[in-house]
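Close look at the chain arrangement
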Amino acid sequence: VTAGQSPLVRSIACTDDDATKCTVGTDGCDLIACDLASGASTLMCASHSGELWGLAHSPSTPGLFATASYDRMVRLWNAETRRPCQVRNLLWPAQCCAFSPNGKHLAVGSAEGELLVVDIDANMADVSLEEFPVEQNPGGPPGSVGGGRKLRKEQLSDMKFSPDGAFLAVAS
């Protein structure tokens, strides 16, 4: 964080195992670890070259989290080492991301309406979205979308998996 400047928060994610610990992503590409109980914050690293909008903690692997940015990259991070352990280049600026409940998949949404789901254990390889039914038109029939397909004309602003991991809700 640059001295004398207050960064704008673009994303925030609390860990599932301790709601007093969270990670914040800023418009200046910084990742900041926060302890809400003590008020302490620590600059983890400058993570991307574009605004960091997507941030999610793994529900199954403590210390693993994902970031998604306008620099067209999604990264998996090891919180202890403060280094990325996997990086995936994208064809579009990333807006949001979410882990599946079992932590095996990461969904990434774009500022251009694209959706991609990757397999964490397979070095972030594309996953067919047929196993995650996505309703494309409210009230219409559910449709399955191939990896990296366009869902909307506008940005995908948030996404969450259902508790059982069978569905992926996408907001635009």
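Structural data are supplied above this passage.
Residues numbered from 1 in each chain as written. Predicted model: local features only at pLDDT ≥ 70, side-chain atom pairs only at ≥ 80, totals over all residues. Heavy atoms only, no water.

**Let's talk about the overall build of the protein chain**
Tallying secondary structure elements over the protein chain gives zero helices and 15 strands in all. Across the protein chain, every contact between residues at least 6 apart in sequence was considered, and the portion connecting residues at least 24 apart equals 39%. (Helix = DSSP H or I, 4+ residues; strand = E, 2+ residues; numbered from the N terminus. Contact = heavy atoms within 4.5 Å.)

**Notes on the pattern of salt bridges**
Counted under the stated rule, the structure contains two salt bridges. Its salt-bridge partner being Asp126, residue Arg88 comes within 2.7 Å of it at the nearest N-O pair. In this pair, Arg88 is assigned in strand 8 (residues 83-89) and Asp126 in strand 12 (residues 125-126), connecting sequence segments 38 residues apart. Among the ionic pairs, Asp158 bridges to Lys160, the shortest N-O distance being 3.4 Å. (Salt bridge = Lys/Arg side-chain N within 4 Å of Asp/Glu carboxyl O.)

**What about the packing of aromatic side chains?**
This structure, assessed with the given rule, holds two aromatic pairs. An angle of 25° between the planes, with centres 5.8 Å apart, marks the rings of Trp53 and Tyr70 as stacked. Here Trp53, found in strand 5 (residues 52-57), pairs with Tyr70, found in the loop between strand 6 (64-69) and strand 7 (73-78); they are 17 residues apart in sequence, far enough to count as distant. With centroids separated by 6.3 Å and ring planes inclined at 10°, the aromatic side chains of Phe65 and Trp77 adopt a geometry described as stacked. Of this pair, Phe65 sits in strand 6 while Trp77 is found in strand 7, placing the two residues twelve residues apart along the sequence. (Phe/Tyr/Trp six-rings, centres within 6.5 Å; stacked < 30°, edge-to-face > 60°.)

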